[in-house]
Amino acid sequence: MSAKSLPPVVFIHGWKASVLADKNTGKDEFDYTFGVVMGLAKDPSIELPMEWDNNGNQVKDNLIATEACHSATCMCRMVKLGDIYGPLLDHLEKTRDLHVFAYDWRLCLDETAEHFTQFLRNVKEITGQSPQVVAHSMGCLITLHVLNHNPDIFHSILFGAGAMSPNASVAKDYSLVGEKNTIVRNTTMFSPKINLSNPAALHFMAYPGERELYGKPTTALFRDSDNNNSLDLDLHNIDTWKQYKIGIYHSESGVDVVTKKMETWFQSVLDKAHNFRLGLLPKNTGLKASDCPPISVLRGDHSETEFSYTVRRSSKSTARNDGGSSYVDLKEGIGYLRGDGRVTLEDTVPPTDIPVCKIVTNAREHSEVLNDLENVDMLLNLLITERK
């Protein structure tokens, strides 16, 4: 079949995976270039104002998303150093009618989901067909939200390395300098302080009981070091972050002074994230299995992947002046499950109320899962068959 006879394909990328350019000059400010990832060039300025506009959206800077990240490069993109989405995008560009939705991965996802919904409607209007969506990581989370509210605009969906399920692992991104914030050798481009102003990833965070609602086989994200009992912490309440010394309250966050403005901002973002996550479950949105388009999952079984953390009580707490109260240990006593190094296998699957026609597991790490072109083609063709 020719590309013109097939439904259009829309690709939506993951977290930190679009090029951000200055809307006034057109100059790329954020991309994975050699100088930046090696820590040799000046870091891009990606902190956003911690305030809301009159529409309830975050106040913007001059940066806009222009394209999904294709490759890590040097010499003004003349030399490729490594793949990001390049193999997938090049393949779909040649074989299908491809439309790429590039979004600002720093912003709250309710706003991004609205823009994505309109993008899908525009593609359908232009092409005359509902699109097949290929989503990666955070893009799957956004797609799941849109699916719950507008299932009719999809032909079908391929979730790749989907970060859809409630988790706690991004607490490290918001708590520790370096660690998961390190990109190759750059330890300063991302940090807890910068991430605080870039709240998108907080939408990954679980609220109490959410994993059970998703039907996940493993539900304990935190365990008590004294008795190994499960602790269901409310990660959408700033008091939890204060009490257990995570995020900006961690002694290794690089945040020297936590201001009232920062705390007010943080709680308002957590409230937004909570409301967004409520919209991911068919039990809350009224989405019926019969309303869903054909859906498949492509995921990676690459390595042991961080999943859960230990809560300790110690006189040597990581807190500032806390007298030795409880804290979440983000370095020792970590629980692991199989996954792609960022998302566990079980967390790549949508809630149990949403039917999935096929799950394929490869051996690739998180950023490479969708560069498995043979399985991408197979699953897209399967979804077309399922739709008929």
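Bear in mind the structure is a predicted one, so any value in this text is a computation, not a measurement.

**Some remarks on the overall build of the chain**
The helix and strand tally for the chain stands at 10 helices and 16 strands. Computed over the C-alpha atoms, the radius of gyration of the chain is 21 Å, within 12% of the 21 Å expected from 2.2 N^0.38 for a compact globule of 388 residues. Its C-alpha atoms give the chain principal-axis dimensions of roughly 70 × 45 × 45 Å. Counting only residues that meet the buried cut, the chain has 57% of its 388 residues in that class. Within the chain, residue pairs in contact and separated by at least 24 positions form 76% of the contacts whose partners lie at least 6 positions apart. As presented, the chain carries roughly 16,000 Å² of accessible surface, and 49% of it is formed by carbon and sulfur atoms. Distance from the positive charge centre (40 side chains) to the negative charge centre (50 side chains) of the chain: 0 Å.

**A look at the sheet that holds strand S12 (residues 295–300)**
Ordered by their spatial adjacency, six strands build an open sheet running S7-S1-S8-S9-S12-S16, and the pairing between neighbours is parallel. The two strands at the open ends of the sheet, each matched to only one other strand, are strand S7 (98–101) and strand S16 (358–362). Adjacent strand axes in the sheet meet at a mean angle of 15°, parallel and antiparallel pairs treated alike. Across the sheet, helix H4 (residues 138–149) touches strand S1 (9–12), strand S8 (132–136), strand S9 (156–160) and S12, and the angle it forms with S8 is around 135°.

**Notes on the sheet that holds strand S3 (residues 28–30)**
Strand order in this open sheet of three strands is S3-S2-S4, and the pairing throughout is antiparallel. Strands with a single pairing partner mark the edges of an open sheet, and in this sheet they are S3 and strand S4 (63–68). Taking each pair of neighbouring strands and ignoring which way they run, the sheet shows an average axis angle of 45°. Strand direction decides the pairing type here: strand S2 (residues 18–22) and S4, joined by five bridges, are antiparallel. Within the sheet, the bridge partner assigned to Ser 18 lies in S4 and is Ala 68.

**Describing the packing of aromatic side chains**
Aromatic ring pairs are reported here in terms of the distance separating the ring centres and the angle at which the planes meet. Overall, the coordinates contain 11 aromatic pairs when judged by the stated rule. Following the ring pairs from residue to residue traces out a cluster consisting of Phe 30, Tyr 32, Trp 105 and Phe 190. Directly above the ring of Trp 52 sits Lys 272, whose terminal nitrogen or CZ lies 5.1 Å from the centroid.

**Let's talk about the pattern of salt bridges**
One pass over the full model with this rule turns up 21 salt bridges. Note that Asp 353 and Lys 283 form a salt bridge whose closest N and O atoms lie 3.1 Å from each other. Of this pair, Asp 353 sits in the loop between strand S15 (335–339) and S16 while Lys 283 is found in helix H9 (residues 282–285), placing the two residues 70 residues apart along the sequence. Judged by relative accessible area, which is 51%, Lys 283 ranks as exposed. Among the salt bridges present, the one from Glu 304 reaches Arg 338, with a minimum N-O distance of 3.2 Å. Here the residue Glu 304 occupies a position in strand S13 (residues 303–313), and Arg 338 occupies one in strand S15, the gap between them amounting to 34 residues. Given a relative accessible area of 44%, Glu 304 falls into the partly exposed group. Connected via shared salt-bridge partners are Lys 172, Glu 179, Lys 180 and Glu 306.

**As for the pairing of S9**
Extensive coverage of S9 is indicated by the burial of five of its five residues. Of the two faces of S9, the one holding Ser 156, Leu 158 and Gly 160 and the one holding Ile 157 and Phe 159 are both buried throughout. Where S8 meets S9, five bridges bridge the pair, whose relative direction is parallel. Residue pairing for S9: Ala 135 is matched across the bridge by Phe 159. Following the chain from S8 across H4 to the adjacent parallel S9, one finds a crossover that is right-handed.

**Some remarks on the nonpolar core**
Counting 107 residues, the largest nonpolar core has Phe 11, Phe 116, Met 138, Leu 158, Phe 222, Trp 241 and Val 328 as its most contacted members. Tallying contributions element by element places H4 first for this core, with seven residues. Those residues in contact with Phe 11 that lie beyond four places of it in its chain are Ala 68, Tyr 85, Leu 88, Leu 89, Leu 98, His 99, Val 100, Phe 101, Val 134, His 136 and Leu 370.

**Some words on the environment of Ala 220**
Within the fold, Ala 220 resides in the loop between helix H6 (210–214) and strand S10 (222–224). Residue classification places Ala 220 among the buried residues on the basis of a relative accessible area of 8%. A sequence separation of 34 residues divides Ala 220 from Asn 186, and the C-alpha atoms of the two residues are 32 Å apart.

**Observations regarding helix H8 (residues 260–278)**
Compared with the 27 Å implied by 1.5 Å per residue over 19 residues, the 27 Å span of H8 between its first and last C-alpha is a close match. Taken residue by residue, H8 has Met 262, Glu 263, Trp 265, Phe 266, Gln 267, Ser 268, Val 269, Leu 270, Lys 272, Ala 273, Phe 276 and Arg 277 as its buried positions. In the core, the buried residues of H8 are packed alongside helix H3 (109–127), H4, helix H5 (192–197), H6 and helix H7 (238–243).

**A short note on H4**
An α-helical turn contains 3.6 residues, so any two residues separated by three or four positions project in the same direction. Relative to the 16 Å expected for 12 residues at 1.5 Å per residue, H4 spans 17 Å between its end C-alpha atoms, a close match to the ideal helical length. Extensive coverage of H4 is indicated by the burial of 11 of its 12 residues. Turning to H4, its buried residues number three or more, namely Met 138, Gly 139, Cys 140, Leu 141, Ile 142, Thr 143, Leu 144, His 145, Val 146, Leu 147 and Asn 148.

**Quick word on the confidence of the model for the chain**
Within the chain, residue pLDDT values average 94, and 94% of them lie at 70 or more. Every residue in residues 317–323 is under pLDDT 50, and counting partners more than four places away or in other chains gives 17 contacts.

Thresholds applied
- Residues numbered from 1 in each chain as written.
- Predicted model: local features only at pLDDT ≥ 70, side-chain atom pairs only at ≥ 80, totals over all residues.
- Heavy atoms only, no water.
- Helix = DSSP H or I, 4+ residues; strand = E, 2+ residues; numbered from the N terminus.
- Rg over C-alpha atoms; globule rule 2.2 N^0.38 Å.
- Buried < 20%, exposed > 50% of the residue type's maximum accessible area, 1.4 Å probe, protein only.
- Contact = heavy atoms within 4.5 Å.
- Areas by Shrake-Rupley, 256 points an atom, 1.4 Å probe, with all protein chains shown as cover.
- Lys, Arg positive; Asp, Glu negative; His and termini not counted.
- Charge placed at Lys NZ, Arg CZ, Asp CG, Glu CD.
- Pairing = 2+ DSSP bridges.
- Axes fitted to C-alpha atoms, helices over the stretch in contact; angles between N-to-C directions.
- Phe/Tyr/Trp six-rings, centres within 6.5 Å; stacked < 30°, edge-to-face > 60°.
- Lys NZ or Arg CZ within 6 Å of the ring centre and 35° of its normal.
- Salt bridge = Lys/Arg side-chain N within 4 Å of Asp/Glu carboxyl O.
- Right-handed = clockwise from strand over helix to strand, strands pointing away.
- Core = buried A, V, L, I, M, F, W, Y, C linked by side-chain atoms within 4.5 Å.
- Expected span 1.5 Å × (residues − 1).
- pLDDT = per-residue confidence, 0-100.

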